[in-house]
Amino acid sequence: MEYKQIILVAGLVALGTGCANVERSRDLANPSVPGKVLAEQVCSNCHGIDGNSKSPNIPRLAGQQPGYLTNQLNNFRAKQRTDPDGSINMWGISRHLTDAQITGIADYFSKQKPQSNASTADPGLLAAGKEIFEKGVPEQNVIACSACHGPKAQGIDAFPRLANQHANYIVKQLTVFRDTQGRPGTPMEAISHPLTGANEEAVAAYLQAFPD
Amino acid sequence: MVVLAKHVEHIAVRATGIISGLATVLVMLAPSQAFALPAFARQTGQNCVACHAGGQFPELTPYGRMFKMTGYTIGERSVPLSVMGVLSYAKVNDTSKSDDPAADFQKNGAPMFATGSVFLAGKVTDNIGVFIQNTYDNYASQSAEGRFKGHSSADNMDIRYADHFIGNDRDLVLGLSVNNNPSVPDPWSSAAAWMQYVPGASPTSHQFADGPYPGYGAGSNLAGVNVYGYWNKTIYAEVGTYRTANQAFSFMSAGIPNGGTTHLDGNNNPYWRFAYSREWGPHNLMIGTSGMNAHVYDDPTDTSDPNSLSHIKNVGIDAQYQYLLDPHTVTAQIAYMKQKQNYSVNSVAVAASPYFLADGVTPVATPNDSDTTNTLRAKLSYIYQAKYGGSLAFFNVTGTTNTRNQSSGYDNSPGSGLITTNDPNATGITSTRVGGNLSGSPATRGWTYEAFWIPVQYVRVGAQYTTYSKFNGAADNYDGFGRNAKDNNTLRLYVWAAY
């Protein structure tokens, strides 16, 4: 049955030839793979093809500011973002991305349409969150989130979009800003410092449920 | 070295001590980086928990399932080798009802290096990836003097080609898997090949550690070609067919003697698997069904006679629920497998149970030509911070009672029947202690409780305790020698490590 072995080997060789499938590649070390392809083939597995991730463990990227996305991918690649989620999930996967690929990935997700994010938070919590978002907490020296993130929480360049982001993710990041050096070089470190846990829960709930 | 050996021997007096000690050594030897360890982690640069739910193996997260379904091709080519080892200790509740406890409960209460595996695993091209496991069993066989001998053989193998098509309204993964074990290509851990996460060991003291799992009657070390598709992360469909792992596919049963492999009839032993999955918030759910239709030769070394083919049909349903939200991981799995085996014409023709009723005069009933078994396994696990976990599992096997399956019974000694292992009256009829089956029923039921600790992502230390309320068809005296199901209750401690 020698011919069967030949067929098997020939089949594997045939499958292996033309192995660079750049249009649908998941190769993170091939600079010729466009950022859009990596966004679809790799990033989308967690963040969603349209950037509206389902798991609260994973941030939504749909409609995110390209400047912010580029900064974060650069920080992951340079291992400067040391919060656990960043190092566990993002350091390795971004380690050999080129600047052009990072720009392509940022462009892809920034153009996706954000979807509403179902919330079961109670109206009292949402109202408290709205107050913090729009007016800050003057007695705690917390400025309004909208001052930098925009009146519709849409973000501005390096300031990220927050509308419809998972509340769990926002609380987690606020904790990183407040308690660690995991995300250096951001004004959030100082801004988040006076926030209480209750403040964070409220504003995060409001941002997840953000009204259109 | 002698001093060191004596020191280690001294420590070994208490198994819990040595196992925790070894765990500590492993932790100390380990590099401090929190990522980039076994082959797939090196390939993606991610931590194990990105793909494995709560860091437990082999259960996959939604991303881990996509990594597998897209043919292990995410990331970049790296050194595609990993190793895994298991240190194990088992203690059976009662070893007294045995003629030869040293043989019936080998290595009982003795810590040992149980198994080790080498993996060739990783991305080959943009579309091709492999997962090839070869396992060394340190207790594979025994010499005439009773010394154990280790042996390596093919374990799970999965060679894939996959593509992922993405459009405005389309998300479709299509793939092909060449593999050696039905359900190995499956991405969910309620599938037969993946529900059991810690490999056991050969010595008979380990035979009762953990209970039976749903599986396919045709067994593993076959050769199969399966095609699969996953549409919009919702519908999964896989069909395949299996044959004997010989000729061009002999590498899939490498290390296993011809007489030890399953020999199937031809190339047409179909396997199928369909599943519905859904993800919402931190939750994800899969409900699925699978089955196989196989024709298996009674004697693997003689495939010349079609009358020596038995026909095994498996149909299963399974479901898995995961809740993944830091720092919590909750998993619930349930799997049920029904198996019907029609025995071969030859086997039916010669089948006559050797045993008698207690009077030693009346033969037991004529054996049935077929058997049906139903195996249920349910498991609930919780892990905190991907470090501290516990699980609770229930297993229940029911099935037809058949005198064909008796391995213990009364002989026809003068006066009245005897159940013996040594046949004092030369009747030619003997029975099996400990593993014996007096009833002809497969009914087995019990629970496995487990607590484990994952000090670093590639080391796991665990304690399992398995209890039986029924074994081989009975709660009491299941082997005819007075052994009760609860005598098989087993404590097992293990240290698992991979690199």
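Residues numbered from 1 in each chain as written. Chains lettered and ligands numbered in written order. Predicted model: local features only at pLDDT ≥ 70, side-chain atom pairs only at ≥ 80, totals over all residues.

A. Geometry of the overall build of chain A. Looking only at helices and strands, chain A features ten helices and zero strands. Going from N to C terminus, chain A has its helices and strands arranged as α-α-α-α-α-α-α-α-α-α. Along the first, second and third principal axes, the C-alpha set of chain A runs to 80 × 35 × 25 Å. Counting every position in chain A, which comprises 212 residues, the buried fraction comes to 44%. Considering only residue pairs separated by 6 or more positions, chain A has 66% of its internal contacts joining residues 24 or more positions apart. (Helix = DSSP H or I, 4+ residues; strand = E, 2+ residues; numbered from the N terminus. Buried ≥ 20, exposed ≤ 12 C-beta atoms within 10 Å, placed from the backbone. Contact = placed C-beta atoms within 7 Å.)

B. Highlighting the overall build of chain B. From N to C terminus, chain B includes six helices and 16 strands. Taken over the C-alpha trace, chain B has a radius of gyration of 24 Å; the compact-globule value for 499 residues is 23 Å, and the two agree within 12%. Along the first, second and third principal axes, the C-alpha atoms of chain B reach 80 × 60 × 40 Å. Counting every position in chain B, which comprises 499 residues, the buried fraction comes to 51%. Contacts in chain B between residues at least 24 apart in sequence constitute 67% of all its contacts with a sequence separation of at least 6. (Rg over C-alpha atoms; globule rule 2.2 N^0.38 Å.)

C. Layout of the pairing of strand β6 (residues 222–231) of chain B. Residue and element names in this part refer to chain B. Sheet topology places strand β5 (residues 170–179) next to β6; eight bridges connect them, and they run antiparallel. The residue of β6 that forms the bridge with Ser-177 is Asn-226. As paired elements, β6 and strand β7 (residues 235–244) share ten bridges and run antiparallel to each other. Within β7, the residue paired with Val-225 across the bridge is Thr-241. The hairpin formed by β6 and β7 contains three residues between the paired strands, and Asn-232 there has a positive phi angle of roughly 50°. (Pairing = 2+ DSSP bridges.)

D. Representation of the interface of chain B and chain A within the structure. Each partner contributes to the interface: chain B provides 35 residues, whereas chain A provides 34 residues. When contributions to the side of chain B that touches chain A are tallied by element, the ones reaching two or more residues are α4 (62–69), β4 (148–167), β8 (269–280) and β10 (309–325) of chain B. Take the side of chain B that touches chain A: its biggest share by element is four residues, from β4(B). Within the side of chain B that touches chain A, the residues separate by chemical class into 17 nonpolar, twelve polar and six charged. (Nonpolar A, V, L, I, M, F, W, Y, C, P; charged D, E, K, R; others polar.)

E. Region of the structure containing α4(B). A large share of α4(B) lies buried, amounting to eight of its eight residues. What α4(B) keeps buried is the set Pro62(B), Tyr63(B), Gly64(B), Arg65(B), Met66(B), Phe67(B), Lys68(B) and Met69(B). Buried residues in α4(B) make contact with α2 (35–47) of chain A together with β4, β5, β6, β8 and β9 (283–297) of chain B. Gly71(B) sits one or two positions beyond α4(B) and adopts a positive phi of about 80°.

F. Main features of the nonpolar core. Counting 106 residues, the largest nonpolar core has Ile105(A), Phe109(A) and Ala218(B) as the members making the most contacts within it. Counting residues in each nonpolar core, the second largest holds 22 residues, with Phe133(A), Tyr169(A), Ala202(A) and Ala205(A) among its members. (Core = buried A, V, L, I, M, F, W, Y, C linked by C-beta atoms within 7 Å.)

G. Quick peek at the packing of helix α8 (residues 167–179) of chain A against helix α10 (residues 197–208) of chain A. Residues and elements named next belong to chain A. Contact geometry of α8 with α10 gives a least axis separation of 8 Å together with a crossing angle of 140°. Here α8 lies oblique to α10, going by the angle between them. The way α8 lies across α10 gives a crossing that is right-handed. Note on element contacts: α10 touches α8 through Glu-200, Glu-201, Ala-204, Ala-205, Leu-207 and Gln-208, opposite Ala-167, Ile-170, Val-171 and Leu-174. (Axes fitted to C-alpha atoms, helices over the stretch in contact; angles between N-to-C directions. Parallel < 35°, antiparallel > 145°, perpendicular 65-115°, else oblique. Left-handed = near helix turned anticlockwise from the far one by under 90°.)

H. Seen up close, the packing of α2(A) against helix α5 (residues 99–110) of chain A. Residues and elements named next belong to chain A. Where α2 contacts α5, the two axes come as close as 7 Å, and the packing angle between them is 65°. Taken together, the axis directions place α2 and α5 in an arrangement best described as roughly perpendicular. Considering only the axes of α2 and α5, their crossing is right-handed. Within the contact between the two elements, α2 uses Gly-35, Lys-36, Leu-38, Ala-39 and Cys-43 and α5 uses Ala-100, Gln-101, Ile-102, Thr-103, Gly-104, Ile-105, Asp-107, Tyr-108 and Phe-109. Along the lines of polarity and charge, the residues of the contact of α2 with α5 split into eight nonpolar, four polar and two charged.

I. Main features of the pairing of strand β15 (residues 459–470) of chain B. Residues and elements named next belong to chain B. Two elements, strand β14 (residues 444–453) and β15, share nine bridges in a ladder whose sense is antiparallel. Across the sheet, Glu-450 pairs through a bridge with Gln-464, a residue of β15. Between β14 and β15, which pair antiparallel one after the other, the connecting turn spans five residues. By the bridge criterion, eight bridges tie β15 to strand β16 (residues 490–498) in an arrangement that is antiparallel. Counterpart to Ala-463 in the pairing with β16 is Leu-493.

J. Region of the structure containing unusual backbone geometry. Geometrically, the link from Phe57(B) to Pro58(B) is a cis peptide bond, its omega value of 0° lying close to zero. Tracing the backbone through its elements, the reader meets Pro58(B) in the loop between α3 (39–44) and α4. Across the junction of Asp326(B) and Pro327(B), the peptide omega takes the value 5°, indicating a cis bond. Of note, Pro327(B) is situated in the loop between β10 and β11 (328–342). In this structure, Lys79(A) takes a positive phi of about 60° despite not being glycine.

K. Spotlight on the confidence of the model for chain A. Scored by pLDDT, chain A has a mean of 92; 91% of the residues are at 70 or more. Looking over chain A, one finds the lowest element-wise mean pLDDT in helix α1 (residues 2–16) of chain A, namely 56, and the highest in α5(A), namely 98. (pLDDT = per-residue confidence, 0-100.)

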